[in-house]
Structure formats: C-alpha cells, structure tokens
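Residues per chain are reported as follows:
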Amino acid sequence: SAYFHKYTDIPTAGLLKCNETRIIKRPEMIEEYLRVTNDTGGVEEINGALAGKCQGGPEGYWWFAPSCRDHPETCIPVIDSGDGWGIEVTMQQAALFN
C-alpha cells in the first residue's frame, strides 16, 4: 500500500513473541474476547488455557482479525506497547468492526 507497511516488512527484532504477551499470558482476557466476539478462529487452547491464535503459533508475532486471516498482507498492522497493553480493546474492535 502507498500509506502502510505490510506486516512482513516490519522487523521482528524489536517485537515480543505472542507467548511473551497478554494474548497468551492472560487467558481470562481471551475468554472475554471469545464471549464478546464469538470469534473461534482467533483463539486456541494451549496447555489447557485459552489463548489468542497467532500466526506461527505461540512463537509467532502476529494475531490477525477475522477479516485479515485469508489475506493478512492487505491489512494494516497494529503494534501495541509493553506486553500488549490495550490489546483487549484492539482485538475486540478489529473483530467487531470487521
């Protein structure tokens, strides 16, 4: 795109892997996400706990909204701060404003 980078253009050297963030470390957050959005494609069970389903598994860097899963290169990447502060809101908005 002329205005936004593809997620594959962003170096992962400064990013946390999903298993280092709230998307996996906070199963209660993902349970609430699933309850609100009913997006079963965006979650998975890891070691008996619900987690966000990241591309590349827990060692991956990106979670995709429902509208981005088939063609993630067409979507605008969003990078959160810290261990995913605010990711709950971002995930719900991405799913519900699909």
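Residues numbered from 1 in each chain as written. Predicted model: local features only at pLDDT ≥ 70, side-chain atom pairs only at ≥ 80, totals over all residues. Heavy atoms only, no water.

Caption draft 1: Region of interest: the overall build of the protein chain. For the protein chain, the count of helices and strands is 3 helices and 4 strands. Counting from the amino terminus, helix and strand elements in the protein chain follow one another as α-α-β-β-β-β-α. Computed over C-alpha atoms, the radius of gyration of the protein chain comes to 13 Å, within 12% of the 13 Å expected from 2.2 N^0.38 for 98 residues, which places it in the range of a compact globule. On the principal axes, the C-alpha backbone points of the protein chain span a range of 40 × 30 × 20 Å. Evaluated residue by residue, the protein chain yields a buried proportion of 33% over its 98 residues. Considering only contacts in the protein chain between residues 6 or more positions apart, those separated by 24 or more positions represent 59%. Counting only carbon and sulfur atoms, one obtains 53% of the accessible surface of the protein chain, whose full area is about 6200 Å². Within the protein chain, one finds 8 positive and 14 negative side-chain charges whose respective centroids are separated by 1 Å. (Helix = DSSP H or I, 4+ residues; strand = E, 2+ residues; numbered from the N terminus. Rg over C-alpha atoms; globule rule 2.2 N^0.38 Å. Buried < 20%, exposed > 50% of the residue type's maximum accessible area, 1.4 Å probe, protein only. Contact = heavy atoms within 4.5 Å. Areas by Shrake-Rupley, 256 points an atom, 1.4 Å probe, with all protein chains shown as cover. Lys, Arg positive; Asp, Glu negative; His and termini not counted. Charge placed at Lys NZ, Arg CZ, Asp CG, Glu CD.)

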